[in-house]
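# Coordinates in review
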Amino acid sequence: QVQLVESGGGLVQTGGSLRLSCAASGRTFSSYTMGWFRQAPGKEREFVAGISWSDGSTYYRNSVKGRFTISRDNAKNTVYLQMNSLKPEDTAVYYCAASPSPGANTLMYHYWGQGTQVTVSS
């Protein structure tokens with residue numbers, strides 16, 4: 001049974017930092033792309049960042065470039081999202097997901113975690 005379990009969300013002030021974790025289990029993800037998405041109330045789910053499990057290549061949505069960093073620990077089967085200089089507009093539920101191909105489209109991602117809330121106060 002494939003499981004993606006996120007953790008690390010919480011409440012932080014503007015300018016603060018959080019690190020999200022996504023622990024993956026249940027299958028081999030070595031050829032997969034891992035992605036972080038977010039969904040704010042009343043808005044569609046949007047891509048935030050992605051990383052290739054095999055070669056570590058990364059890509060980001062423009063609004064988080066320079067502030068967020070995605071990384072992975074192969075030994076722990078865990079993907080991270082380090083979020084710095086957080087803004088109120090970053091407030092959302094953040095989801096970890098896995099796709100057999102690189103990309104930013106939610107339809108490409110076969111496996112999803114349950115989400116973790118990130119709230120940035122002004």
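Residues numbered from 1 in each chain as written. Predicted model: local features only at pLDDT ≥ 70, side-chain atom pairs only at ≥ 80, totals over all residues. Heavy atoms only, no water.

Turning our eyes to something else, we now look at the packing of aromatic side chains. Here the structure, examined in full by the defined rule, presents ten aromatic pairs. Note on phenylalanine 29 and tyrosine 32: the rings are 5.4 Å apart at their centroids and 85° apart in plane angle, and the pair reads as edge-to-face. On the accessibility criterion, tyrosine 32 (7% relative accessible area) is buried. Their ring planes at 80° and their centres at 5.6 Å tell us that phenylalanine 37 and phenylalanine 47 sit as a pair that is edge-to-face. Taken together, the residues phenylalanine 37 in strand E4 (residues 33–39) and phenylalanine 47 in strand E5 (residues 46–52) connect sequence positions ten residues apart. Under the relative-accessibility criterion, phenylalanine 37 is labelled buried at 0%. Taken together, the ring pairs connect Phe37, Phe47, Tyr59, Tyr95, Tyr109 and Trp112 into an aromatic cluster. The positively charged end of arginine 27 is found above the aromatic ring belonging to phenylalanine 29, 6.0 Å away from the centroid. The cationic tip of arginine 45 hangs over the ring face of tyrosine 95; the distance from NZ or CZ to the ring centre is 3.7 Å. (Phe/Tyr/Trp six-rings, centres within 6.5 Å; stacked < 30°, edge-to-face > 60°. Buried < 20%, exposed > 50% of the residue type's maximum accessible area, 1.4 Å probe, protein only. Helix = DSSP H or I, 4+ residues; strand = E, 2+ residues; numbered from the N terminus. Lys NZ or Arg CZ within 6 Å of the ring centre and 35° of its normal.)

Counted according to the given criterion, the structure contains four salt bridges. Between aspartate 90 and arginine 67 there is a salt bridge, with the nearest N and O atoms lying 2.8 Å from each other. In this pair, aspartate 90 is assigned in the loop between strand E8 (78–83) and strand E9 (92–99) and arginine 67 in the loop between strand E6 (58–60) and strand E7 (68–73), connecting sequence segments 23 residues apart. Each member of the pair, aspartate 90 as well as arginine 67, carries the same accessibility label: buried. If you follow the salt bridges from partner to partner, you end up with Arg38, Glu46, Arg61, Arg67 and Asp90 in one network. (Salt bridge = Lys/Arg side-chain N within 4 Å of Asp/Glu carboxyl O.)

Turning our attention to the environment of leucine 4. Position of leucine 4 among the secondary structure elements: in strand E1 (residues 3–7). Of the residues examined, leucine 4 reaches a relative accessible area of 4% and is grouped as buried. Not counting the four nearest positions on each side in its chain, leucine 4 is found in contact with Cys22, Ala23, Ala24, Phe29, Met34, Cys96, Ala97, Ala98, Tyr111, Trp112, Gly113 and Gln114. (Contact = heavy atoms within 4.5 Å.)

Before going further, it helps to spend a moment on the pairing of E4. For E4, the tally of buried residues reaches six of seven residues, placing the bulk of the element in the interior. The pairing of E4 with E5 spans six bridges and is antiparallel. Paired with arginine 38 across the strands is glutamate 46, a residue of E5. In sequence, E4 turns back onto E5 through a hairpin of six residues, with glycine 42 there showing a positive phi of about 80°. Taken together, the seven bridges between E4 and E9 define a ladder with antiparallel strand orientation. When the sheet's bridge partners are listed, methionine 34 is paired in E9 with alanine 98. (Pairing = 2+ DSSP bridges.)

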